[in-house]
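# Report on the structure
For reference, the chains in residue letters:
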Amino acid sequence: MSPLVESLKLKDGFIQNLEYHQNRLDRAMDELFPKVKKIDLGGIIAIPENCRAGIFKIRVLYGSSVDKIKIEPYVFRKIKSLKIVHHESIDYHLKYSDRQIIQELFARRGDCDDIIIVKNGFVTDSSVANLLFYNGNQWITPNTPLLKGTKRQFLLDQGIISELEIREKDIRNFQKVGLVNAMIDFEEMPVVNMDKII
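Residues numbered from 1 in each chain as written. Predicted model: local features only at pLDDT ≥ 70, side-chain atom pairs only at ≥ 80, totals over all residues. Heavy atoms only, no water.

### Here's the deal with the pattern of salt bridges
For the coordinates displayed, the defined rule picks out eleven salt bridges. In this structure, K38 engages D30 in a salt bridge whose closest nitrogen and oxygen atoms are separated by 2.6 Å. Note that R152 and E163 form a salt bridge whose closest N and O atoms lie 2.6 Å from each other. Linking R152 in helix α4 (residues 150–157) with E163 in strand β10 (residues 161–164), this pair joins segments that are eleven residues apart in sequence. Classification of E163 by relative accessible area gives partly exposed; the value is 40%. Via salt bridges that share partners, K9, K151, D185 and E188 belong to a single interconnected network. (Salt bridge = Lys/Arg side-chain N within 4 Å of Asp/Glu carboxyl O. Helix = DSSP H or I, 4+ residues; strand = E, 2+ residues; numbered from the N terminus. Buried < 20%, exposed > 50% of the residue type's maximum accessible area, 1.4 Å probe, protein only.)

So this is what it looks like as structure tokens:
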């Protein structure tokens, strides 16, 4: 089994949404290692002095204990187009570091920047982010994500977005789609218009 991973945003020396990452880690450990003492993310991450200004990505690899912690500068990817791809049995409800299936789907993007993964007719996620669809009044996220992202959950808890069943046939009913993850805030997310979805 490959290690699990938590990817956290470090912004100007402060870890963002730490509580949400801790909750997801706790759920994963309850499922896989129910008798093992939980890892305390806040207690194991030491922030170097040279990482206290700017935006960095913290990757915590873990199983029943911490395997590795890596902190590196984060570079935003430009996403202006999306391709719909299908996989009927993909399962990524736990955030494993092994993303082979997702990488294989991403390789089918052609000239597009990223993908929309459809499973059994239902919209899930992109290769690296949860999807938000805008209907002219509000942003809606599919209730069938591959991974329940920490930023997605934060936005749901704040009432900024809502959750709804979205099938592949429903995609064209929306005006645009945004992408969020732990590193991408709602206010700065890439937004793709419908004519850029293939």
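### Observations concerning the packing of aromatic side chains
Applying the stated criterion across every chain yields a total of five aromatic pairs. Look at Y134 and W139: their rings are 5.0 Å apart centre to centre, the planes differ by 40 degrees, and that puts the pair in the tilted class. A relative accessible area of 18% means that Y134 is categorised as buried. Centre to centre, the rings of W139 and F186 are 6.2 Å apart; their planes meet at 90 degrees, and the pair counts as edge-to-face. Taken as a pair, W139 in strand β9 (residues 139–142) and F186 in the loop between β11 (176–180) and β12 (191–193) lie far apart in primary sequence, 47 residues in all. One aromatic cluster in this structure is built from Y134, W139 and F186. Lying across the ring of F106, R109 places its NZ or CZ 3.9 Å from the centre. For K176, the ring lying beneath its charged end belongs to Y134, and the centroid distance is 5.1 Å. (Phe/Tyr/Trp six-rings, centres within 6.5 Å; stacked < 30°, edge-to-face > 60°. Lys NZ or Arg CZ within 6 Å of the ring centre and 35° of its normal.)

### Considering the nonpolar core
By size, the foremost hydrophobic cluster in this structure holds 18 residues, and its most contacted members are L82, I116, F133, I171, V177 and I197. Breaking this core down by element, the ones donating at least two residues are β5 (82–86), β6 (114–119), β8 (130–134) and β11. The contacts of I171, once residues within four sequence positions are left out, are I84, I116, V123, F133, M194 and I197. Residues L4, A28, F33 and L94 belong to the second largest nonpolar core, which totals 17 residues. (Core = buried A, V, L, I, M, F, W, Y, C linked by side-chain atoms within 4.5 Å. Contact = heavy atoms within 4.5 Å.)

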